[in-house]
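Residues per chain, in single letters:
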Amino acid sequence: MTQAVLSDHIAAAHGDARARALKGFKLGDVAFHVLTKSSAIAVLLLLGGVIVSLVHGSAPALGEFGFGFLTSQAWNPVTEKFGAGPAIYGTLVISFLALLIAAPMGFGIAVFLTELCPHVLRRPIGVAIELLAGIPSIIYGIWGMFVLAPVLQTTLQPWLINGFADIPVLNDLFAGPPYGIGIFTASIILAIMILPLIASISRDVFETVPPVLKEAAYGIGCTKWEVMRSIVAPYTGVGLVGGVMLALGRALGETMAVTFVIGNAHKIHASILGPGTTISATIANEFTEADGAMYTSSLIALGLVLFVITFFVLAASRLLLARIKRQEGR
Amino acid sequence: MSLASARKLRSSLAMSACVGSAVLGIAALAIILGALLWNGFSSLNLAVFTQMTPPPGSAGGLLNAIVGSLIMTVLGVAIGAPLGLFAGTYMSEYGRYSRITTVVRFINDILLSAPSIVIGLFVYEITVIQMGHFSGLSGALALALLVVPVVVRTTEDMLNLVPGSLREAATALGLPRSLIIRHVAYKAARAGLITGLLLAVARVSGETAPLLFTALNNQFFSTNLNAPMASLPVVIFQFAMSPYKDWQSLAWAGALLITAAVLALSIGARILGAQKTSK
């Protein structure tokens, strides 16, 4: 009798402990689920917050100048007239020139790494390129200012100015004097900087091509160039464009590498050798010195413009790269 | 010239162009590293690590900037990494096929490459304006926001690699889900998670733009998070742009330090990652 009561008692105690433990587990489960889910949502809110705060901060300037802000060449802190024209122009031109240099070279490096390079060197060179992609942009900037700009000023730039002096259009594009710093120099720095990015993405994309496709082409006697052009390029086209767009997104928003060598001049010159400015360089150079609400607000409006441009470029790039990923999975 | 030899010629021309661009590209990057090592080592001495940033025209070091960078980086990672870890956990463990995960992944990928200067503007708006002054805390916050996307991305990727059978085995033992994630999935993915963390640190330790108008700069030694704080990248920017020789050589020394740190971190991350995949 007493024994039965005792075992009942023990069972009840066990049940209690078990129930408590299970309850604890359940509570912990729910808490952890909520915690992780709200963190994921916080990432979304982060983007929303960036947009809202930029719109809020730029409202005074955009209200004052309207859409004319995007095209106006005015930049006068004294009369408080501001326009984003030269900065947007500089950003687009520098990024475009940088891509013009870096994209073909990046593809070339990727072809070299996937087709031509001896197998023992493939991994070390590939790793080296990926490591270089991680070097902070300020390093490229300081090198550009102290090393590249003086060299260009005394060699390439006078040569370009004299060489094209008699050719119409080109003589406007390469008009002197050779400053060393300027749009041209900034493009070269930017090109060197995004080169590892383009090269490593292109290589990854090239490696998604099924070997059997290439082997079949080689089997019917295609040369290496024909295989690259007619088999690999069409197969990977979307991914390559995606990679270039990703690099463009980086280039558009790149700040420090450009700020050192751009010259910070709010003018649109025909000559690409002249000094200019970009959106990010303007913000980096002037934000802490900006006095007056309109000045600060105009700089934030520049940031908003930059964010909108890069958002669309990056979104397009991600969609294209996602497509090549699906293709690979198929 | 026969068609065959013309095709061969074209192919070898194109391929030489590829080799040429590889040589040129690697040479350019080697020249940059060479210049950095040359100028950096010639300006590197003990004073760099023991003295404060000097006024123009006198000797000094980078101690306050090094300490400031360390403080803000550590704090930024401490704020950003848990958020990124939890968000990545949700995307891989709870909502792997849900719509919210697709959206978050897309937005996160955009944040990953978004201009860091815009993040700086955002943090300026929400902290500096509210507090009324620049501070090390807002600098750390700006860095934290740059850490988040990197950690989200690697966490999701790494947890996706953990075999489902591990989770099923743990479920069969009666473990609740949150414990399975924390004690089984995290442990299995540990090397990958640490790799992501190292990459995030590497990413933010060279960031300059977002610090320019959040932490600003400070010529003196300060560990006060509520006051402007010096950091290596910002000091490099200011000193390199200056006309003073002393400042410029300190900028090179700082640039060498940052590059060494970033390369060490990424190589460390790579070694950890390699161990993970070879297992």
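Conventions we followed
- Residues numbered from 1 in each chain as written.
- Chains lettered and ligands numbered in written order.
- Predicted model: local features only at pLDDT ≥ 70, side-chain atom pairs only at ≥ 80, totals over all residues.
- Heavy atoms only, no water.
- Axes fitted to C-alpha atoms, helices over the stretch in contact; angles between N-to-C directions.
- Helix = DSSP H or I, 4+ residues; strand = E, 2+ residues; numbered from the N terminus.
- Left-handed = near helix turned anticlockwise from the far one by under 90°.
- Contact = heavy atoms within 4.5 Å.
- Nonpolar A, V, L, I, M, F, W, Y, C, P; charged D, E, K, R; others polar.
- Phe/Tyr/Trp six-rings, centres within 6.5 Å; stacked < 30°, edge-to-face > 60°.
- Buried < 20%, exposed > 50% of the residue type's maximum accessible area, 1.4 Å probe, protein only.
- Lys NZ or Arg CZ within 6 Å of the ring centre and 35° of its normal.
- Core = buried A, V, L, I, M, F, W, Y, C linked by side-chain atoms within 4.5 Å.
- Domains from an automatic or database assignment.
- Salt bridge = Lys/Arg side-chain N within 4 Å of Asp/Glu carboxyl O.
- Buried area = accessible area lost by both parts, 1.4 Å probe.
- Polar contact = N/O pair within 3.5 Å; in protein donor to acceptor, adjacent residues only side chain to side chain.

**Observations concerning the packing of helix 8 (residues 211-219) of chain A against helix 9 (residues 224-253) of chain A**
All names here are of chain A. Here helix 8 crosses helix 9 at 145 degrees, and the two axes come no closer than 10 Å. Like other packed secondary-structure pairs, helix 8 and helix 9 cross with a definite hand, here right-handed. Where helix 8 approaches helix 9, its residues L213, K214, A217 and Y218 are matched on the opposing element by K224, V227, I231, V232 and Y235. Considered class by class, the residues forming the contact of helix 8 with helix 9 number seven nonpolar, no polar and two charged.

**With respect to the packing of aromatic side chains**
Here the distance between the centres and the angle between the planes together describe a pair of aromatic rings. Scanning the model with the defined rule gives 17 aromatic pairs over all chains in all. Both rings, one in Y244(B) and one in W247(B), keep their centres 5.4 Å apart while their planes meet at 80 degrees; by these two values the pair is edge-to-face. Residue Y244(B) is classed as partly exposed on the basis of its relative accessible area, which comes to 36%. The class for W247(B) is buried, based on a relative accessible area of 9%. Site record: aromatic cluster; members linked through ring pairs are F65(A), F69(A), W75(A), F82(A) and Y295(A). Positioned above the aromatic ring of F32(A) is the side chain of R182(B), whose terminal nitrogen or guanidinium carbon lies 5.1 Å from the ring centre.

**Describing the environment of L225(B)**
All names here are of chain B. Tracing the sequence through the fold places L225 in the loop between helix 10 (209-212) and helix 11 (232-240). Judged by its relative accessible area of 29%, L225 is partly exposed. A sequence separation of 214 residues divides L225 from S11, and the C-alpha atoms of the two residues are 61 Å apart. Those residues in contact with L225 that sit more than four places away from it in its chain are I71, L75, S135, G136 and L137.

**What about the packing of helix 4 (residues 137-154) of chain A against helix 5 (residues 156-163) of chain A?**
When two helices pack together, you describe them by how their axes are tilted relative to each other and by the distance separating the axes. Residues and elements named next belong to chain A. Axis separation between helix 4 and helix 5 bottoms out at 3 Å; the angle between their running directions is 35 degrees. On helix 5, the residues that touch V151, L152, Q153 and T154 of helix 4 are L156, Q157 and P158. Split by residue class, the contact of helix 4 with helix 5 holds four nonpolar, three polar and no charged.

**A few points about the nonpolar core**
Formed by 181 residues in total, the largest nonpolar core has its most connected members in Y140(A), L302(A) and F213(B). With 17 residues, the top contributor of residues to this core is helix 7 (residues 183-206) of chain A. Residues lining this core come from more than one domain, with at least three contributed by each of domain 1 (2-66) and domain 2 (71-327) of chain A. Among all residues touching Y140(A), those that are not within four sequence positions of it are L132(A), I135(A), I189(A), I192(A), M193(A), A257(A), L29(B) and I32(B).

**Some thoughts on the pattern of salt bridges**
The tally for this structure, following the rule as stated, stands at ten salt bridges over all chains. Ionic pairing is found between E115(A) and K214(A), a salt bridge with its closest N-O pair at 2.8 Å. Taken together, the residues E115(A) in helix 2 (residues 85-116) and K214(A) in helix 8 connect sequence positions 99 residues apart. Assessed through its relative accessible area of 16%, K214(A) is described here as buried. Put simply, E226(A) and R7(B) hold a salt bridge, and the shortest N to O gap is 2.7 Å. Taken together, the residues E226(A) in helix 9 and R7(B) in helix 1 (residues 3-43) connect one chain to another. Judged by relative accessible area, E226(A) falls into the buried class, the value being 18%. One network of salt bridges, in which partners are shared, links E130(A), R203(A), D204(A) and R270(B).

**Side note on the interface of chain A and chain B**
On the side of chain B, 80 residues touch chain A, which itself brings 80 residues to the contact. Each partner contributes to the roughly 7000 Å² buried at the junction of chain A and chain B, and carbon and sulfur atoms together form 82% of this total. Taken together, the connections running from chain A to chain B amount to two salt bridges. Where chain A meets chain B, there are seven residue pairs in polar contact (both at pLDDT 80 or more). Here the side of chain A that touches chain B takes 22 residues from helix 1 (residues 2-65) of chain A, the largest share from any one element. Each residue belonging to the side of chain A that touches chain B can be placed in one class, and the counts come to 51 nonpolar, 21 polar and eight charged.

**Quick look at the domain arrangement of chain A**
All names here are of chain A. What the domain assignment lists for chain A is domain 1 (2-66) and domain 2 (71-327). Distance from the C-alpha centre of domain 1 to the C-alpha centre of domain 2: 43 Å. Counting from both sides, the interface comprises 13 residues of domain 1 and, opposite them, twelve residues of domain 2. Linking domain 1 with domain 2 are zero salt bridges, by the criterion used here. Counting the contacts that link domain 1 with domain 2 gives two residue pairs in polar contact (both at pLDDT 80 or more). Across the side of domain 1 that touches domain 2, the residue classes tally to ten nonpolar, two polar and one charged.

**Re the environment of R123(A)**
Residue placement: R123(A) occurs in helix 3 (residues 119-133). The spacing of R123(A) and L113(A) is ten residues in sequence and 8.8 Å in space, taken between C-alpha atoms.

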